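# Architecture and fold: a report
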Amino acid sequence: MNQTLNVALGERSYPIHIGTGLLADPALIQPFFKQRKALIVTNETIAPLYLDRLRSTLETAGISALSVVLPDGEAFKTWETLNQIFDALLASHCERNTTLVALGGGVIGDMGGFAAACYQRGMPFIQVPTTLLSQVDSSVGGKTAINHPLGKNMIGAFYQPRLVLADISTLDTLPNRELKAGLAEVIKYGLIRDPEFFSWLEGNMPRLLARDREALIYAVHRSCQNKADVVAADERETGERALLNLGHTFGHAIETGMGYGVWLHGEAVSAGTLIAAELSMHLGWLTADDCARIERIFKAADLPVRGPALGAARYIELMRHDKKVQDGKMRLVLLKSIGQGVISDIATEAQMAEAIQARCDGG
Ligand code: NAD
Ligand code: GLY
């Protein structure tokens, strides 16, 4: 049942292993170390669950592993926490060829990857994602970052891992709310480029929510295949990769506007995608039936389909910090149809405000 994919980036290509029991398999991880030393970056929730297992697998592979355990949460995706990684790297005399292993969800992966990009101008790193969201999205593709009080993921680097080890067994301990948040990014792939997968998701959402292993492996594999294809074609987001941000411009506004960690990233993406769908319908692209189908799938995943009452003006103010803004003009990911995303700057602020009001509380 275990599967392997490849992210094709020339000499920086790397495998994604997806399956069960991978954390305990030294043979999968051993070839990726230049030096027999690693620093595992994780957090206080994940450490008691998986740190010993990973450390002992590394030891079996002949790699001595130190660790740094960070505070847990989006609110800690900051310079201060990042600095704790640098402190640990320096205090334990890590060198440029020591490998950093990020063990955790997207927060740990994004921060660990950014630390690896900066430490001695770049050290090798491995992603061991333990949330659904990080297994289907954030561990693949090399976007690394921390937040700024004025905007999500504003400080960061493109820096690819050497290996992604997505062990589905780690999802056994993931809280339900986090599992559902991950489903928002899974649905995204169906919406922007994979209509067959969208239909599969419509039929299989109950299996995913029940954590059926076969369904989860299929969904992670198909999501990673979509992501790997997009990243291989446009690593640094000069075009197509921006499609992966469907719902994110509105979603990041929700996360920043509500305070980091109040809405989970996937929850904000869910509500944000419904605003993007509404706007796409106002522009004459999506039909009302398609819009209703999109709302139904997010509801089936038990995700929020309305944004919080920040007020349209505040949404738009926050959206101006989006990384897709070009020459001061906002570009959004919208939908021509289910399975066809488009990057467009044609929506006016008045149209955006109208869609926000239609799809947010207090609107
Ligand atoms: P997260 O990293 O905060 O993890 C969610 C929660 O689950 C945390 O409390 C974590 O400690 C806990 N957890 C993790 N694995 C667990 C397990 N196996 N069992 C029990 N608890 C576990 O959140 P996330 O949803 O994984 O990631 C969200 C972050 O990812 C955001 O910061 C977002 O900006 C970023 N992101 C980045 C990219 C990218 O391309 N780099 C893409 C999407 C999202
Ligand atoms: N999650 C968006 C990207 O990787 O481009």
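These figures come from a predicted structure and were not determined experimentally.

### Thoughts on helix α12 (residues 312-319)
- Taken as a whole, α12 has its buried residues at Ala 312, Tyr 315, Ile 316, Leu 318 and Met 319. When α12 is viewed along its axis, its buried side chains cluster within an angular range of 160° and face the same direction.
- Those residues of α12 that are buried lie in contact with α9 (248-258), α10 (265-282), β10 (332-337) and α13 (349-359).

### A short note on the sheet that holds strand β4 (residues 64-70)
- Taken together, the 7 strands give an open sheet; going across it, the order is β1-β2-β9-β6-β5-β3-β4, and neighbouring strands pair in mixed fashion. Two strands lie at the open edges of the sheet, namely β1 (3-7) and β4, each paired on one side alone. For this sheet, the mean inter-axis angle between neighbouring strands, taken without regard to orientation, is 20°.
- Sheet analysis places strand β2 (residues 14-19) next to strand β9 (residues 163-167), joined by 4 bridges and oriented parallel. Paired with His 17 across the two strands is Leu 165, which belongs to β9.
- Of the strands in this sheet, β3 (37-43), β4 and β5 (99-104) are in contact with helix α3 (residues 79-91), which crosses β4 at around 155°.
- Most of the contacts of helix α8 (residues 213-233) go to β1, to which it runs at about 15°, and overall it touches β1 and β2.

### Some points on the site of ligand 2
- Neighbouring ligand 2 are Asp 137, Lys 143, Lys 227, Glu 237, Arg 241, Leu 244 and Asn 245.
- Within the side chain of Lys 227, a nitrogen or oxygen atom sits 2.5 Å from an oxygen atom of ligand 2.
- Within the contact set of ligand 2, an oxygen atom lies 2.7 Å away from a side-chain nitrogen or oxygen of Arg 241.
- Residues belonging to the shell around ligand 2 are distributed by class as follows: 1 nonpolar, 1 polar and 5 charged.

About the cut-offs
Residues numbered from 1 in each chain as written. Chains lettered and ligands numbered in written order. Predicted model: local features only at pLDDT ≥ 70, side-chain atom pairs only at ≥ 80, totals over all residues. Heavy atoms only, no water. Buried < 20%, exposed > 50% of the residue type's maximum accessible area, 1.4 Å probe, protein only. Helix = DSSP H or I, 4+ residues; strand = E, 2+ residues; numbered from the N terminus. Arc of directions from axis to C-beta. Contact = heavy atoms within 4.5 Å. Pairing = 2+ DSSP bridges. Axes fitted to C-alpha atoms, helices over the stretch in contact; angles between N-to-C directions. Near = heavy atom within 4 Å. Polar contact = N/O pair within 3.5 Å; in protein donor to acceptor, adjacent residues only side chain to side chain. Nonpolar A, V, L, I, M, F, W, Y, C, P; charged D, E, K, R; others polar.

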